[in-house]
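Given next are the chains, with one letter for each unit.
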Amino acid sequence: MGKFSYIAVLVGCLLGSGWLEIVLRTRVYRRTLRLALSIIPVLVILTIWDIYAISQGHWKFDPRYVTGIIAVVNVPIEEILFFIVIPICAVLTLEGVRSTKPKWLVGDEK
Amino acid sequence: MTYTQIALVAAVLAVLIDIYVLRIAITKKRIFWASYSIIIFFQLITNGILTGAGIVEYSGAKIIGSDTPISSRPPFIGDGRIAYAPVEDLIFGFALVVLTLSMWIWLGKRGVQREPLAGPPRFKPSWKRNR
């Protein structure tokens, strides 16, 4: 996979969770605005954290496995995609459970 | 601050925001823990690949465990790691999941695309058919 290794993991996450939208009718992607608004705060916070952590050397990325494209300051594009893809997977999982367990209330029911 | 410290602060903040700011208290709901137990399983796999394959490498000065070794894999379990990844990743992941799901429910509660609701599943499990 080389430089696309990190990207490939993220694609795997999308495929591994995406079927829920069809089979369990999670209707998460269809509620695009709500999904985007749920992710934005997380995306902003995690990006700021990532800028700090990378600058302090908490973690680094093997240049053999990332595209080398920097999205903001010192943060690789893969990290930004991670902060979007993983929240999507989380929401799909929640709605997947709800699809099969509609009586388990969370707080947005009428 | 170390990764350990930031991750702990993030997890505590996420729970506090969920309870006192968004007022969803998702961490007190059964559906959250059912979902989270599925999420954590797949997080261990995803993180295990990212860390075990050396795509992301950690500094021993900033985590409970030691440096990601240069030419070999970190321990699968032990030295502050679970499935190759630092335990801090699980704390970070918990914060991410709590905040995201709490936001999702908060928006639904406020009427932002509350519908269409999820389900019903396209295929019923065989043991539930014809009832």
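Note that the coordinates shown come from a computational prediction; the quantities given were computed from them, not determined experimentally. (Residues numbered from 1 in each chain as written. Chains lettered and ligands numbered in written order. Predicted model: local features only at pLDDT ≥ 70, side-chain atom pairs only at ≥ 80, totals over all residues.)

**Student:** How should the overall build of chain B be read in this particular structure?
**Tutor:** Counting secondary structure elements, chain B contains three helices and four strands. Of the regular secondary structure in chain B, the N- to C-terminal order runs α-α-β-β-β-β-α. Its C-alpha atoms give chain B a radius of gyration of 19 Å, more than 25% over the compact-globule value 14 Å for 131 residues. If one aligns the C-alpha atoms of chain B with their principal axes, the spans along those axes are about 55 × 40 × 20 Å. When the 131 residues of chain B are sorted by exposure, 38% land in the buried category. Long-range contacts, defined as pairs at least 24 residues apart, comprise 58% of the intrachain contacts of chain B with a sequence gap of at least 6. (Helix = DSSP H or I, 4+ residues; strand = E, 2+ residues; numbered from the N terminus. Rg over C-alpha atoms; globule rule 2.2 N^0.38 Å. Buried ≥ 20, exposed ≤ 12 C-beta atoms within 10 Å, placed from the backbone. Contact = placed C-beta atoms within 7 Å.)

**Student:** How should unusual backbone geometry be read in this particular structure?
**Tutor:** A negative phi angle is the norm for most residues apart from glycine, just as the trans form is the norm for most peptide bonds. All names here are of chain B. The omega torsion of the bond from Glu 115 to Pro 116 falls at 5°, within 30 degrees of zero and hence cis. Tracing the backbone shows Pro 116 in the segment after helix 3 (87-109). Cis geometry marks the peptide bond from Gly 119 to Pro 120, where omega comes out at 0°. The topology assignment puts Pro 120 in the segment after helix 3.

**Student:** Help me understand the nonpolar core in this model?
**Tutor:** Note that soluble globular proteins tend to have their nonpolar side chains buried in a common cluster. Membership of the largest hydrophobic core comes to 56 residues, with the highest contact counts inside it found for Val 91 of chain A together with Ala 95 and Leu 101 of chain B. Looking at this core, the elements that each hand over two or more residues are helix 1 (5-23), helix 2 (32-55) and helix 3 (77-100) of chain A together with helix 1 (3-21), helix 2 (30-52), strand 1 (56-58) and helix 3 of chain B. It is helix 3 of chain B that provides the largest number of residues to this core, a total of 13 residues. Residues in contact with Val 91 of chain A, not counting those within four places in the same chain, are Val 28, Leu 35 and Ser 38 of chain A together with Thr 100, Leu 101 and Trp 104 of chain B. (Core = buried A, V, L, I, M, F, W, Y, C linked by C-beta atoms within 7 Å.)

**Student:** What is the right way to look at the confidence of the model for chain B in this model?
**Tutor:** It should be kept in mind that the predicted coordinates are not to be read in detail where pLDDT is low. Put simply, chain B has an average pLDDT of 95, and 96% of its residues get 70 or more. Here the prediction assigns the complex a pTM of 0.95, and the interface score ipTM is 0.96. (pLDDT = per-residue confidence, 0-100.)

**Student:** Help me understand helix 2 of chain A in this model?
**Tutor:** For the α-helix, the turn length of 3.6 residues means that residues three or four positions removed from each other point alike. When the terminal C-alpha atoms of helix 2 of chain A are compared, their 33 Å separation across 24 residues agrees well with the 34 Å that a helix rising 1.5 Å per residue should span. Residue Ile 39 of chain A marks the point of greatest curvature in helix 2 of chain A, where the axis turns by about 25°; the proline Pro 41 of chain A follows within four residues. The inward-facing, buried residues of helix 2 of chain A abut strand 1 (59-61), strand 3 (75-76) and helix 3 of chain A together with helix 1 and helix 3 of chain B. Looking one or two residues beyond helix 2 of chain A, the residue adopting positive phi is Gly 57 of chain A, at roughly 75°. (Expected span 1.5 Å × (residues − 1). Bend = angle between axes of the 7 residues up to and from the residue.)

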